[in-house]
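# Observations on the model geometry
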Amino acid sequence: MALPRSLVQLDDRTWLVTDLGSWDLPRGVVWKLESQRGEEAILTPLIRDLNLPHALSIGPDGLAYVGEMSRIIRFDPRAPNPVDTIEVVVAGLPDNKLHDNRHPLSKFVFAPDGSLLVNIGAPSDQCVNSRGQALGKVCPESEEGEQAASIRRYALISPGQWAPEYTVHVRGLRNSVALAVHASGTILQAENSYDFATRWSPFEELNVIRVGHHYGWPYCADMGAATPAWKSKASWCKSNEHERPAILLPPHTAPLDMLWYDGAMFPSLQGRLLMSWHGYRSVGGRIASYAADENGVPVSDKDASFPVYGAKARPFGASPAATPVVLTPGWGLVPGKRPQGSPVGLAIAKDGAIWTTDDRAGLVIRLARDQ
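Residues numbered from 1 in each chain as written. Predicted model: local features only at pLDDT ≥ 70, side-chain atom pairs only at ≥ 80, totals over all residues. Heavy atoms only, no water.

Attention shifts here to the state of the cysteines. Here the structure, examined in full by the defined rule, presents two disulfides. If the cysteines joined by disulfides in the chain are listed in sequence order, their pairing comes out as 1-2, 3-4. (Disulfide = S-S within 2.5 Å.)

What follows is the structure, given as structure tokens:
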């Protein structure tokens, strides 16, 4: 595999894995991975030449749904020739051809009402011109046109069919690659925040998604501070029109996936929110977990801190925040031996093991308790 991303289990020994293949060309693949203890894993390509396939899910109809850069497709992974079963579910998603710096990956989740919620990444980092100045009184990249920096909602109109038209469910989110739906119906989004050069700011965010709300991009960071180019929005950022994070996450962690643990192998993790931190800086490269309430929202704590490779844990110095439990200690860079971990997808196997992908190392990894 070149750039493995998301994964789902089909049966006791069979998995599907998306592989971007290349960031520049449509070389993406959906692989079938057959793995059984004591045997060499077998990789078989099911679909090739996809355009940045990232998101992957088994739908309510039992078919495999894949998010490409400009569309969502589905297919039957058990068919003799899965390519022949491909159907386009959602077309016309934004494409990198429109903007050089768009966050292009299509993440989606099935909402409790059956609708599809789809990430539409921001076209830029801060909605500024070449001189670092705001592009107007409001950001046209998020407030006008195709409504980027948002989550779209495609309504379910019949079983297995969604409306071709969308509504803007929420806006002001830079990149919602990490989306998850809790059994209670709560929808969480982990925000990949701004790429400021400063090491310790801004914080990433964990947001509870509430229809019609604005989450601040590109005007606000953290709990309500105006970003450098958008000082004119300082009052707005502190107003109730700006939906604040449920908790702050460590800076530059780049959360790419999350789920709640419900397996039997690790009883101490039951009900906890697991999150992959893909970021290349010293705070990223981990799988972390958080204690969550009955709605699946992490519980904040006093004097929260976060881990840093090569240094002691660092206090947030802000709230609300929570101290994570790291499930992958020691995954930092070892020069000449291995790169820092770059976890992307997360899945819980039927036996309770935790599976993840590492797209920098080209690996699928199983985390399990010794028997």
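For the rest of this paragraph, the subject is the sheet that holds strand E14 (residues 167-171). Taken together, four strands build an open sheet; the order of strands is E9-E10-E11-E14 and the sheet is antiparallel. Two strands lie at the open edges of the sheet, namely strand E9 (108-110) and E14, each paired on one side alone. Shown here is a sheet whose adjacent strand axes are inclined to one another by a mean of 25 degrees, direction ignored. Relative to strand E10 (residues 116-120), E9 runs antiparallel, the two sharing three bridges. When the sheet's bridge partners are listed, Phe108 is paired in E10 with Val118. (Pairing = 2+ DSSP bridges. Helix = DSSP H or I, 4+ residues; strand = E, 2+ residues; numbered from the N terminus. Axes fitted to C-alpha atoms, helices over the stretch in contact; angles between N-to-C directions.)

What follows covers the packing of aromatic side chains. In this structure the tally under the stated criterion is 13 aromatic pairs. Here the aromatic rings of Tyr65 and Trp162 are separated by 6.0 Å at their centres, their planes lie at 85 degrees, and the arrangement is edge-to-face. Highlighted residues: Tyr65 in strand E6 (residues 64-67) and Trp162 in strand E13 (residues 161-162), separated in sequence by 97 residues. Just as Tyr65 is buried, Trp162 falls in that class too. Judged by centre distance (5.6 Å) and plane angle (80 degrees), the rings of Tyr219 and Trp236 are edge-to-face. (Phe/Tyr/Trp six-rings, centres within 6.5 Å; stacked < 30°, edge-to-face > 60°. Buried < 20%, exposed > 50% of the residue type's maximum accessible area, 1.4 Å probe, protein only.)

Another aspect to go through is unusual backbone geometry. Cis peptide bonds are those with omega within 30 degrees of zero, and the linkage from Trp217 to Pro218 qualifies with 0 degrees. With respect to the helices, strands and loops of the structure, Pro218 is situated in the loop between strand E17 (204-208) and strand E18 (220-221). Positive phi values are uncommon outside glycine, yet Leu52 reaches one of about 50 degrees. A residue is classified by how much of its surface remains accessible, and Leu52, at 2% relative accessible area, is buried. Notably, Asp222 is not glycine yet its phi reads approximately 55 degrees, a positive angle.

On to the layout of surface pockets. In this approach the atoms are scanned with a rolling probe the size of a water molecule, which exposes any empty space left behind. Its boundaries defined by the atoms lining it, the largest pocket holds a volume of some 850 Å³. Every residue lining the largest pocket is counted, 30 residues in all, and those nearest its centre are Leu56, Ser57, Met258, Leu259 and Leu346. Of all the secondary structure elements, the ones that give two or more residues to the lining of the largest pocket are strand E1 (4-11), strand E5 (56-58), E9, strand E15 (178-181), strand E21 (255-260) and strand E27 (343-348). Here the lining of the largest pocket is built from residues that sort into 21 nonpolar, five polar and four charged. What lines the second largest pocket is a set of 25 residues, among which His103, Asn175, Asn192, Asp195 and Ala254 lie closest to the centre. Partitioned by chemical class, the residues of the lining of the second largest pocket number eight nonpolar, nine polar and eight charged. (1 Å grid on protein atoms, 1.4 Å probe; cavity = no way out; pocket = protein on both sides within 12 Å on 5 of 7 lines; lining within 4 Å. Points joined across faces, edges and corners; volume = space filled by probe spheres on them. Nonpolar A, V, L, I, M, F, W, Y, C, P; charged D, E, K, R; others polar.)

Attention now moves to empty space enclosed by the protein. This structure, assessed with the given rule, holds two cavities of 30 Å³ or more. Roughly 60 Å³ of volume is contained in the largest cavity. Looking at the largest cavity, it is lined by eleven residues, and the ones nearest its centre are Met69, Pro94, Pro104, Asn119 and Ile120. Along the lines of polarity and charge, the residues of the lining of the largest cavity split into six nonpolar, four polar and one charged. In this structure, the second largest cavity occupies an estimated 50 Å³ of space. As for the second largest cavity, its lining consists of Gly172, Arg174, Glu191, Ser193, Tyr194, Glu205, Tyr215, Gly216, Trp217 and Cys220. Counted by class, the lining of the second largest cavity contains four nonpolar, three polar and three charged residues.

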